[in-house]
Every structure is written in C-alpha cells, then in structure tokens.
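# Chains, contacts and geometry: an overview
Single-letter residue listing:
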Amino acid sequence: MAPGSSTSKRGFASMDSDRQREIASKGGKSVPAEKRSFSQDRELASEAGRKGGQASGNTRGNQE
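Per an unreviewed UniProt entry, the protein is named Stress-induced protein, and its organism is Microvirga aerilata.

Structure representation (structure tokens):
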C-alpha cells in the first residue's frame, strides 16, 4: 500500500463485483453432486447438524 493510502488493492474484497461473483460461483461447482455426501444422504446431513449444535455448547437460550 502506498504511503498515505487508506485502501488496499489486494484481496477478495477489493475486486470488482463481477470478478468476486465469478470466483464465488466456482465454490459450488468444485465437487460433483454424486460426491457430496450430504446431497445424497439427508439423514447424514441431519446428524451432522445435530452434532454441530451440540458442539457449539448450545448456549442460545441458556443465557440469563
């Protein structure tokens, strides 16, 4: 960054929105559907979600 400059020309956030959209769209296409286990097995996805909730400490609603 140049002295006195307040913005960076680096990183995802500094890219124009079309370029961000192009890169972000690749994330959902990187693995074929048949290899995504949650897309094939709803019960597996449900179990993983339950485990995630338990691992987070289930702190929502328990705060006074």
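Looking only at helices and strands, the protein features three helices and zero strands. Counted from the first residue to the last, the protein has its helices and strands arranged as α-α-α. Here the protein holds 64 residues, and the buried ones make up 0% of them.

Here we take up the pattern of salt bridges. Taken as a whole, this structure holds four salt bridges when the rule is applied. Where R21 meets D18, a salt bridge forms, and the shortest distance between an N and an O atom there is 3.0 Å. Note that R21 and D18 are positioned in helix 1 (residues 17–27) at a spacing of three residues, about one turn of the helix. Each member of the pair R21 and D18 is classed as exposed.

On to the environment of F38. Here F38 lies in helix 2 (residues 37–40). Sequence spacing of F38 and A48 is 10 residues, and the spatial spacing of their C-alpha atoms is 9.1 Å. Not counting chain neighbours up to four residues away, the residues in contact with F38 comprise L44, A45 and A48.

Reading the values: the criteria
- Residues numbered from 1 in each chain as written.
- Predicted model: local features only at pLDDT ≥ 70, side-chain atom pairs only at ≥ 80, totals over all residues.
- Heavy atoms only, no water.
- Helix = DSSP H or I, 4+ residues; strand = E, 2+ residues; numbered from the N terminus.
- Buried < 20%, exposed > 50% of the residue type's maximum accessible area, 1.4 Å probe, protein only.
- Salt bridge = Lys/Arg side-chain N within 4 Å of Asp/Glu carboxyl O.
- Contact = heavy atoms within 4.5 Å.

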